[in-house]
Structures are given as structure tokens and as C-alpha cells.
Amino acid sequence: THAISLPNGNSQPSEIAPGPDGLMWFTESAGNRIGRVNANFTISEFSLSGNPDGIVSHAGSLWVTRFGSDQVSRIDPSNGQAVNTYSVGNEPGLP
């Protein structure tokens, strides 16, 4: 077990998931970043506006939800950048 400190305090890490690259990825909602835990237990962070919240891996990409924006972004795990962002919208009657 390893305890790892994040480079930026008060970033509110919220979700963590294994990526297609075999590394662990996480969201930092208050910091507007996603992060990756590298094999040597160092942290790499990538800016991603829009309060990144949930994160999953599928079909060679990472997928990140953006809290409060009704958007989902596909992330390239080689550089942590959004490849596409999709608006998903709300169903009638939902906040």
C-alpha cells in the first residue's frame, strides 16, 4: 500500500479507475484536472476544465464526466487531453 500526496492541495480527488494503459487515473473536481498514478508512484496531472468528476476506461480511451455541464469527454491516455467532448443533455423533468 502506498499513500501518495497530490501536487496541488484542495483539488478534491473524487473518482479513480484503471486506464487502458494499465495505470490508475483519477479526477480532481475542484482543481479542474485529471491525474495519473505512474508506475513509480509519481503523479502526472492534466488540465481539464469543467469540473471533471466520474472516470471510466473503455475501448482504449478514458471517459470523464463533467459535473454540472451535461458533458462527457473522451480522453487520450497518451497525453491526458480531451479528444472529443459530447453534450448529453438532461431528460425533461430532471435538474
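Described in the following lines is the structure provided in the data block.

Analysis parameters
Residues numbered from 1 in each chain as written. Predicted model: local features only at pLDDT ≥ 70, side-chain atom pairs only at ≥ 80, totals over all residues. Heavy atoms only, no water. Phe/Tyr/Trp six-rings, centres within 6.5 Å; stacked < 30°, edge-to-face > 60°. Helix = DSSP H or I, 4+ residues; strand = E, 2+ residues; numbered from the N terminus. Buried < 20%, exposed > 50% of the residue type's maximum accessible area, 1.4 Å probe, protein only. Polar contact = N/O pair within 3.5 Å; in protein donor to acceptor, adjacent residues only side chain to side chain. Salt bridge = Lys/Arg side-chain N within 4 Å of Asp/Glu carboxyl O. Pairing = 2+ DSSP bridges. Axes fitted to C-alpha atoms, helices over the stretch in contact; angles between N-to-C directions.

What follows covers the packing of aromatic side chains. In total, this model carries two aromatic pairs according to the counting rule given. Pairing W25 with F46 gives two aromatic rings, centres 5.6 Å apart and planes at 25 degrees, and the pair type is stacked. Taken together, the residues span a long stretch of sequence, with W25 in strand β2 (residues 24-28) and F46 in strand β4 (residues 43-47) at a distance of 21 residues. Across the pair, exposure class does not vary: W25 and F46 are buried alike.

Time to look at the environment of N79. Structurally, the position occupied by N79 is in the loop between β7 (71-76) and β8 (81-87). Taking the relative accessible area as the measure of exposure, N79 reaches 34% and is therefore partly exposed. When the C-alpha positions of N79 and G89 are compared, they lie 27 Å apart, and in sequence the two are ten residues distant. Within the structure, the side chain of N79 is placed 2.9 Å from the backbone nitrogen of Q81, a separation counted as a polar contact.

Scanning the model with the defined rule gives two salt bridges in all. Linking E28 and R33 is a salt bridge whose minimum nitrogen-to-oxygen distance equals 3.4 Å. We note that E28, like R33, is buried. Between R33 and E45 there is a salt bridge; the shortest N-O distance is 3.4 Å.

Strand order in the open sheet made by the four strands is β1-β2-β3-β4, with antiparallel pairing throughout. On the outer flanks of this sheet lie β1 (13-18) and β4, each paired with one strand and no other. Direction aside, neighbouring strands of the sheet carry axes that sit 25 degrees apart on average. As judged from the four bridges shared by β1 and β2, these two strands associate in the antiparallel manner.

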